[in-house]
Structures are given as C-alpha cells and as structure tokens.
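Take a look at the letters that make up each chain.
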Amino acid sequence: MSRSKSAPAPAAVILDPRAKLYLMLLANTLLFFHADARAEALLTALFLTPLFLAGRWRMGLRLTACYAVLLGWGLWSDAATLDTAGLRAPRQPPALTPTPGYMSSGCFPWGFA
C-alpha cells in the first residue's frame with residue numbers, strides 16, 4: 001500500500017505588528033474609559049478573533065473561558081454590592097451645636113458678621 005500525502009495544512013494567519021499595536025491601543029482605551037460590559041465583551045471578541053483565525057483553538061477557548069469567568073464574577077460582585085438587604089439603616093450625621101462664646105455672632109469671634 002502506498003501512502004498518500006494528505007493535503008497541506010492552511011497557512012496560519014500572521015498579524016502585522018501594526019495590527020497588534022492597534023489591538024493593544026484598543027485594550028488600553030477600554031481600560032482607561034471604563035467601558036460597560038457589552039462594549040467590553042465586544043472588544044474582547046475582537047481581541048480573540050486573531051487567535052481563532054491563526055488556528056490556536058485551545059488558547060482561544062481557554063482565554064474565552066477565563067474571560068467569561070472574570071466577567072461573571074465582576075457582574076456578580078457589582079450586583080452583590082448594590083444589594084441593600086443586609087445593611088442597617090444609614091447613620092445620621094451628628095447635629096452641629098454651636099460652642100458658646102466662640103464664633104457665635106458670625107464668622108469671627110470678636111463679633112463681625
């Protein structure tokens with residue numbers, strides 16, 4: 001039996017360094033401007049797309065799972081801190097009572113208004 005050669009694997013996509021710099025710039029602006037969860041998820045999908053195009057499925061899936069866990073944890077902690085079920089009544093600030101003889105007649109202790 002003769003062995004037949006299988007079809008050559010498709011060439012991996014190699015990003016231009018300018019594209020990598022652009023993705024890093026987008027990631028930094030995302031961090032700087034505190035984007036909401038939808039914009040964050042959309043840009044994360046954009047960042048993970050080159051991994052999948054280059055055929056790095058395992059790394060892409062691991063990073064996607066890691067991002068999903070961190071996003072879920074962040075959304076859960078935001079929701080948990082907004083919950084007021086376990087909090088007691090808000091504290092009232094102490095009443096301000098003027099000290100007799102000191103600044104009682106205005107802004108200055110010697111009587112100017």
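Everything that follows concerns the structure shown earlier in this document.
Being a predicted model, the structure only gives us computed values, none of them experimental.

Caption draft 1: Fine view of the packing of aromatic side chains. On inspection of all chains with the given rule, the structure shows two aromatic pairs. Residues Phe 32 and Phe 33 carry aromatic rings whose centres are separated by 5.0 Å and whose planes lie at 80 degrees to one another, so their mutual orientation is edge-to-face. In this pair, the class of Phe 32 matches that of Phe 33, namely exposed. With centroids separated by 5.1 Å and ring planes inclined at 45 degrees, the aromatic side chains of Phe 52 and Trp 57 adopt a geometry described as tilted. Judged by relative accessible area, which is 23%, Phe 52 ranks as partly exposed. By relative accessible area, Trp 57 is classed as exposed at 52%.

Caption draft 2: Quick peek at the packing of helix α1 (residues 17–33) against helix α2 (residues 37–53). The N-to-C vectors of α1 and α2 enclose an angle of 160 degrees; their axes lie 11 Å apart at closest approach. Compared by their axis directions, α1 and α2 come out roughly antiparallel. α1 and α2 meet at a crossing whose hand is left-handed. Residues Leu 23, Leu 26, Ala 27 and Leu 30 of α1 touch α2, and the partners they reach there are Glu 40, Leu 43, Leu 46, Phe 47 and Pro 50.

The rules behind these values
Residues numbered from 1 in each chain as written. Predicted model: local features only at pLDDT ≥ 70, side-chain atom pairs only at ≥ 80, totals over all residues. Heavy atoms only, no water. Phe/Tyr/Trp six-rings, centres within 6.5 Å; stacked < 30°, edge-to-face > 60°. Buried < 20%, exposed > 50% of the residue type's maximum accessible area, 1.4 Å probe, protein only. Axes fitted to C-alpha atoms, helices over the stretch in contact; angles between N-to-C directions. Helix = DSSP H or I, 4+ residues; strand = E, 2+ residues; numbered from the N terminus. Parallel < 35°, antiparallel > 145°, perpendicular 65-115°, else oblique. Left-handed = near helix turned anticlockwise from the far one by under 90°. Contact = heavy atoms within 4.5 Å.

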